[in-house]
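Listed below, chain by chain, are the residues.
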Amino acid sequence: MSKGNGAQPPKPSYPYTWVSDAALDLESRYLIKGLVDHGSFTLIYGPSGSGKSFFTADLAQHIATGQSWRARKTNQSLVVYVASEAGASILRRFIGWRDNRLGESSERIPLAVLTRGPNLILKQQVEELKIQLAYMQDEAKLPLGLVVFDTLSRSMPGGDENNAEDMTEVISAADYLRDSFKSATAFVHHSGKDVDRGARGHSSLFAAADAVLRIDDHVATLDKVRDGVAGERFPFSLMPVELGVDADGDPITTCLLDDSETMASPDRIVKGLGKNQK
């Protein structure tokens, strides 16, 4: 288009920044420093019985209370845990944590559990969840920091984990919620028969994640992290706690992560180094 004809340049369709003008965002917020950022997508996977839901709940609890997690700073935010697989039975774990770790408190804890969740493949149900999250954010009077979907497979009923189109829809739903609230999302997912071969399903899931934690034999290993070094290991053990007795007089129990371990620093094992360098 020639100059001087009075025509306006077209409005850019996508935001851009010249590198010469780029500056660090020093005000960018984290949920768990160096591990979970606002606007990030985290994948936590492992075989059944590996403790992945207990580990994820521990992350959620520390974010909701603003307590440091394994020597890492946290920013207190609203956390919503979508228990699509365990349903109401998962509340036992959160009650155990509340009563054993927080004691008597009159303040509302900014951590809520949805005992039934949406099908993330269906846009209408994702939109309904967005409306509810906005309501809960107003009620908590805190910004929404993290939405956890436990598990991925139960959050996409009728979908095929190995199908690229179905997995893309699920990832897009997570992106939509993150963009709407400037929050983070996390999927709890199963591994295949061989945990070392990665999370079950289409490879686009691993590719889309900002951080990937592999849970095996009560050890969480950071398989992937953007702008960081993979290989950190977070060992944990489960402590049984008694909540009360049922109508038959039998004890009601659950498990919590050993609190002394959540105060410790991780084992740092850097991938790609030789034995002597490690």
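Here the structure is shown first, and the text comes after it.
Residues numbered from 1 in each chain as written. Predicted model: local features only at pLDDT ≥ 70, side-chain atom pairs only at ≥ 80, totals over all residues. Heavy atoms only, no water.

Asks: How should helix α1 (residues 52-65) be read in this particular structure?
Replies: Residues three or four positions apart in an α-helix share a direction because the helix packs 3.6 residues into each turn. Along its 14 residues, α1 runs 20 Å from first to last C-alpha, staying within 8% of the 20 Å computed at 1.5 Å per residue. Among the 14 residues of α1, 13 are classified as buried, and the element is accordingly described as predominantly covered. The positive-phi residue at the C-terminal boundary of α1 is G66, with phi of around 75°. (Helix = DSSP H or I, 4+ residues; strand = E, 2+ residues; numbered from the N terminus. Expected span 1.5 Å × (residues − 1). Buried < 20%, exposed > 50% of the residue type's maximum accessible area, 1.4 Å probe, protein only.)

Asks: How should I be thinking about the packing of aromatic side chains in this particular structure?
Replies: Remark: the centre distance and the inter-plane angle together describe each pair of aromatic rings, the angle taken between the planes. Per the counting criterion, the structure on display carries seven aromatic pairs. A centroid spacing of 5.2 Å and a plane angle of 80° characterise the contact between F41 and F187, whose relative ring orientation is edge-to-face. Taken together, the residues F41 in strand β3 (residues 41-46) and F187 in strand β7 (residues 184-190) connect sequence positions 146 residues apart. Just as F41 is buried, F187 falls in that class too. Taken together, a centroid distance of 5.4 Å and an interplanar angle of 40° make the contact between F55 and F236 tilted. Note that F55 is positioned in helix α1 and F236 in the loop between β10 (233-235) and β11 (238-245), a separation of 181 residues in sequence. For the pair formed by F55 and F236, the shared burial category is buried. Aromatic rings pair up to connect F55, W69, F234 and F236 into one cluster. Over the ring of F54 we find R93, and its NZ or CZ is 4.1 Å from the ring centre. (Phe/Tyr/Trp six-rings, centres within 6.5 Å; stacked < 30°, edge-to-face > 60°. Lys NZ or Arg CZ within 6 Å of the ring centre and 35° of its normal.)

Asks: Looking at this structure, how should I read the pairing of strand β6 (residues 144-150)?
Replies: Side-chain direction in a regular strand flips from residue to residue, so the side chains alternate between the two faces of the sheet. For β6, the tally of buried residues reaches seven of seven residues, placing the bulk of the element in the interior. Where strand β4 (residues 78-82) and β6 come together, five bridges link them in parallel fashion. In the sheet register, L78 faces β6, and the bridge partner there is L144. As paired strands, β6 and β7 are joined by five bridges and run parallel to one another. Paired with V148 across the bridge in β7 is A186. Since β6 and β7 lie parallel, the crossover through helix α4 (residues 164-181) that links them has a hand, and here it is right-handed. (Pairing = 2+ DSSP bridges. Right-handed = clockwise from strand over helix to strand, strands pointing away.)

Asks: Explain the side chain of D166 here, please?
Replies: Position of D166 among the secondary structure elements: in helix α4. No salt bridge is formed by the buried D166. Its closest oppositely charged neighbour is K123, at 10 Å. (Lys, Arg positive; Asp, Glu negative; His and termini not counted. Salt bridge = Lys/Arg side-chain N within 4 Å of Asp/Glu carboxyl O.)

Asks: Help me out: how do you make sense of the pairing of strand β8 (residues 211-216) in this one?
Replies: Among the six residues of β8, five are classified as buried, and the element is accordingly described as predominantly covered. Judged from the four bridges that link them, β3 and β8 form a sheet pairing that is parallel. Its bridge partner lying in β8, T42 is registered against A211. The pairing of β8 with strand β9 (residues 219-225) spans six bridges and is classified as antiparallel. If you follow D216 over to β9, its bridge partner there is V219.

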